[in-house]
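# Remarks on the overall topology
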Amino acid sequence: MILYRRKRHFGTGLNNKRAVYIYRYILHLKKYSHTPIPKELESSALKARYSSHTVTHDEINALLSFANSIKDEILTCSALLKRLYYEYIVVI
């Protein structure tokens, strides 16, 4: 259910809302990783949230690729039980 809603929010809707959802997901992943968020991604998320300008597809793709890289890093650096915990309990 959570994965379905995440996929729907990431793939459809206005670009600004999509960028905000992806950034919230990155902040959720940040709890389990020590990777710093690049300033350009943070600024594009803030632009999507507080500005009337629309976010481009390139900025959304950059946010998505960063979120996927953090998720992959978390899962590959974890032991088996921790990985299962992340996938099925935390649902990253």
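Below: a short report on this structure. Everything quoted here is computed from the prediction, not taken from an experiment.

Attention shifts here to helix α3 (residues 39-50). Here α3 spans 16 Å end to end across 12 residues, near enough to the 16 Å set by a 1.5 Å rise per residue. When α3 is considered as a whole, its buried residues turn out to be L41, S44, A45 and A48. Axial view of α3: buried residues confined to an arc of 100°, hence all on one face. Exposed residues lying more than 90 degrees from the buried face of α3 are K39 and Y50. The elements touched by buried residues of α3 are α2 (15-30) and α4 (57-76).

Membership of the largest hydrophobic core comes to 22 residues, with the highest contact counts inside it found for I26 and I92. Sorting the residues of this core by element identifies α2, α3, α4 and α5 (80-90) as the ones contributing at least two each. At 7 residues, α4 tops the list of elements feeding residues into this core.

Think of two packed helices as two axes; the pair is described by the angle between the axes and how far apart they sit. Two numbers describe how α2 lies on α3: the axes approach to 8 Å, and their chain directions differ by 130°. In terms of axis orientation, α2 runs oblique to α3. Between α2 and α3 lies a crossing of left-handed hand. Taken together, the residues of α3 that come into contact with α2 (itself represented by N16, A19, V20 and Y23) are E42, A45, A48 and R49. In terms of residue class, the contact of α2 with α3 is built from 5 nonpolar, 1 polar and 2 charged.

This part covers the environment of V55. Its place among the elements puts V55 in the loop between α3 and α4. Take V55: its relative accessible area is 1%, and that puts it in the buried class. In this structure, the C-alpha to C-alpha distance between V55 and R18, residues 37 residues apart in sequence, is 9.1 Å. Not counting residues up to four positions away in its chain, the partners in contact with V55 are N15, N16, A19, S44, K47, A48 and I60.

What counts and what doesn't
Residues numbered from 1 in each chain as written. Predicted model: local features only at pLDDT ≥ 70, side-chain atom pairs only at ≥ 80, totals over all residues. Heavy atoms only, no water. Helix = DSSP H or I, 4+ residues; strand = E, 2+ residues; numbered from the N terminus. Expected span 1.5 Å × (residues − 1). Buried < 20%, exposed > 50% of the residue type's maximum accessible area, 1.4 Å probe, protein only. Arc of directions from axis to C-beta. Contact = heavy atoms within 4.5 Å. Core = buried A, V, L, I, M, F, W, Y, C linked by side-chain atoms within 4.5 Å. Axes fitted to C-alpha atoms, helices over the stretch in contact; angles between N-to-C directions. Parallel < 35°, antiparallel > 145°, perpendicular 65-115°, else oblique. Left-handed = near helix turned anticlockwise from the far one by under 90°. Nonpolar A, V, L, I, M, F, W, Y, C, P; charged D, E, K, R; others polar.

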